[in-house]
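Observations on chain architecture
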Amino acid sequence: MTDTHATEPAYQTYLEHFEVLDEAMAGALTRILNELELANQMASEILSVVPDPSASKLIITGDLIQSVNEHEARADDDPYKLERGSGQVGARTINLGDGEFAFIVSAEALFAADHEFESAEELVEDAMKVGRHLALHEAGHAALHIRGEDSGAYEDLAAGDTIHRSWRKHLAAHMDDFRIELMARRAPNPMLQVNHIGSAIAHLRSEANSAHATWRTDIDASVIQTMEASNSLVRVMAYLAAELAPPAAGVVPRPDQIPEGWDEYLEDVWNAWVLTLHRLSPADEPMSVDSIASVLSDLCALVIAWQRSIGFEYVMHPDLRQEFYWTRPLY
């Protein structure tokens, strides 16, 4: 089921799969989008970055997986997945071709608060902030692509050998998100990464211990499990670096409350990680692909050294043979 209403002349917001939502949630969200004008505000955030109203459309969906599968025409055996380590995706940008984009936002993500509310009004205010931030973030992906600065434009320009190349695609995507989140600070997200970094560390620890215990049974699955958990933590690290205040006078900010595992897994790399990322400009400030690729080269080397320091030795030979060692008895 798809409904539509105009958010402003020549710009449309589409509501998809609201029939799968709880009736109360569907009703509340429809009211927020229309009467409280969240749809207009989300469209305005998009248009502040992608000013051509005919170049994109905003979709609020009750089933993000189904909407992405439909708009990307994904095969039945290749469905979209929401899980990203200890977290989940709340929105997705789809390049429709010919300069057009679809910005798909999950209805449930608007209400996925990580804190308690004292009133219904506070919950609504929170949902509206999340909506504006998600819309602006997704528009940032389109802006980078339109200027030829998104990951696909520079990831193959980075220096390094085969093991560096194994990290390029992942880190380039995180760099795009970092630049976008720097830009999106003007529409602050109440869903704070500082509240989730501890869960991301715990997820890596759990996955590493599980993989280490079972590698003799299926080494390939154990390597993938460890690398995916490492990449999931790196993703949260990129978001957190954008969320915290930028470095100033040589001081690199850290969370006010240091989570369990921080000293063991992040403290030694945090300064270099943040300072390297902050060589990037916000997504609404143009950069040359060469300068972006230079940051990617350094991040690849940094992450490989970081993995080694926390107990993962990953070797990729020129002929693409791989070796992986868990160098700690317990994580």
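Residues numbered from 1 in each chain as written. Predicted model: local features only at pLDDT ≥ 70, side-chain atom pairs only at ≥ 80, totals over all residues. Heavy atoms only, no water.

1. Quick look at the overall build of the protein
The following threshold applies: What counts as a helix is a DSSP run of H or I of at least four residues, what counts as a strand is a run of E of at least two, and both are numbered from the N terminus. For this measure, only C-alpha atoms enter the radius of gyration; the expected value for a globule follows 2.2 Å times N^0.38, where N is the number of residues. Exposed residues in this analysis have more than 50% of their type's maximum accessible area, buried residues have under 20%, and partly exposed residues fall in between, with area computed by a 1.4 Å probe over protein chains only. Contacts are residue-level and defined by heavy atoms, with any inter-residue pair within 4.5 Å sufficient. The Shrake-Rupley method, run with a 1.4 Å probe, gives the accessible areas here. Residue values count only the displayed protein chains as cover. In this tally, Asp and Glu contribute negative charge and Lys and Arg positive charge; neither His nor the terminal groups of the chain are included. Throughout, a charge is located at the NZ atom of Lys, the CZ atom of Arg, the CG atom of Asp or the CD atom of Glu.
The number of helices and strands found in the protein is eleven helices and nine strands. Expected size for 331 residues packed as a compact globule is a radius of gyration near 20 Å; at 21 Å, the protein falls within 12% of this value. Its C-alpha atoms put the protein at 55 × 50 × 40 Å along the principal axes. Buried residues in the protein amount to 48% of all 331 residues. Long-range contacts, defined as pairs at least 24 residues apart, comprise 70% of the intrachain contacts of the protein with a sequence gap of at least 6. As displayed, the protein has an accessible area near 15600 Å², and 50% of this comes from carbon and sulfur atoms. In the protein, which carries 23 positive and 54 negative side-chain charges, the distance between the mean positions of the two groups comes to 7 Å.

2. A short note on the pattern of salt bridges
Definition in use: Salt bridges are defined by distance alone: a side-chain nitrogen of Lys or Arg within 4 Å of a carboxyl oxygen of Asp or Glu.
Here the structure, examined in full by the defined rule, presents 14 salt bridges. Here glutamate 149 makes a salt bridge to arginine 179, at a shortest N to O gap of 3.0 Å. Remark: arginine 179 occurs in helix H6 (residues 162-183) and glutamate 149 occurs in the loop between helix H4 (120-146) and helix H5 (151-154); sequence separation between them is 30 residues. With respect to class, glutamate 149 is no different from arginine 179; both count as buried. Note that glutamate 313 is salt-bridged to arginine 308, the shortest N-O span being 3.2 Å. When salt bridges with common partners are traced through the structure, they connect Glu72, Arg74, Asp78 and Arg92 into a single cluster.

3. Description of helix H7 (residues 197-214)
This is how it is decided: Each residue after the first adds 1.5 Å to the expected span of a helix. The arc refers to the directions leading from the helix axis to the C-beta atoms.
With 18 residues, H7 should reach 26 Å at 1.5 Å per residue; the first-to-last C-alpha distance of 26 Å fits that figure. Here H7 has its buried residues at Ile197, Ala200, Ile201, Leu204, Ala208, Ala211 and His212. The buried residues of H7 all sit within an arc of 100° when viewed along its axis, so they share a single face.

4. Concerning the nonpolar core
Defined as follows: In this description, a nonpolar core means a group of buried Ala, Val, Leu, Ile, Met, Phe, Trp, Tyr and Cys residues linked to one another through side-chain atoms lying within 4.5 Å.
Within the largest apolar cluster, 55 residues are counted, with the highest numbers of intra-cluster contacts made by Met237, Trp270, Trp273 and Trp306. For this core, the secondary-structure elements that each account for two or more residues are H6, H7, helix H8 (219-243), helix H9 (262-265), helix H10 (267-277), helix H11 (289-309), strand E8 (312-316) and strand E9 (322-326). Setting aside anything within four residues of it in sequence, one finds methionine 237 in contact with Ile197, Leu266, Val269, Trp270, Trp273 and Trp306. Within the second largest apolar cluster, 42 residues are counted, among which are Tyr11, Phe101, Leu144 and Ala187.

5. Observations regarding unusual backbone geometry
With the exception of glycine, the majority of residues adopt a negative phi angle, and the majority of peptide bonds are in the trans configuration. Positive phi, normally seen in glycine, also occurs at alanine 73, with a value near 50°. Counting through the fold element by element, alanine 73 comes out in the loop between helix H3 (64-71) and strand E4 (83-84). Given the relative accessible area of 65%, alanine 73 is considered exposed. Not every positive phi belongs to a glycine, and leucine 320 is a case in point at roughly 75°. Topologically, leucine 320 is positioned in the loop between E8 and E9.

6. Let's talk about empty space enclosed by the protein
Here is the rule: Each cavity reported here is a set of points on a 1 Å grid over the protein atoms alone in which a 1.4 Å probe fits but cannot get out, each pocket an open set with protein on both sides within 12 Å along at least five of seven lines, and each lining residue one with an atom within 4 Å of a point. Grid points are joined across faces, edges and corners, and a volume is the space filled by probe spheres set on the points. Gly counts as polar in this scheme, as do all residues outside two lists: the nonpolar Ala, Val, Leu, Ile, Met, Phe, Trp, Tyr, Cys and Pro, and the charged Asp, Glu, Lys and Arg.
All told, the structure shown has one cavity of 30 Å³ or more when counted by the stated rule. Approximately 40 Å³ is the volume found for the largest cavity. In this structure, the largest cavity is lined by Ile163, Trp167, Ile304, Gln307, Arg308, Phe312 and Tyr314. Going through the elements one at a time, H6, H11 and E8 are the ones with two or more residues in the lining of the largest cavity. Here the lining of the largest cavity gets three residues from one element, more than from any other, and that element is H11. A per-class count over the lining of the largest cavity returns five nonpolar, one polar and one charged.

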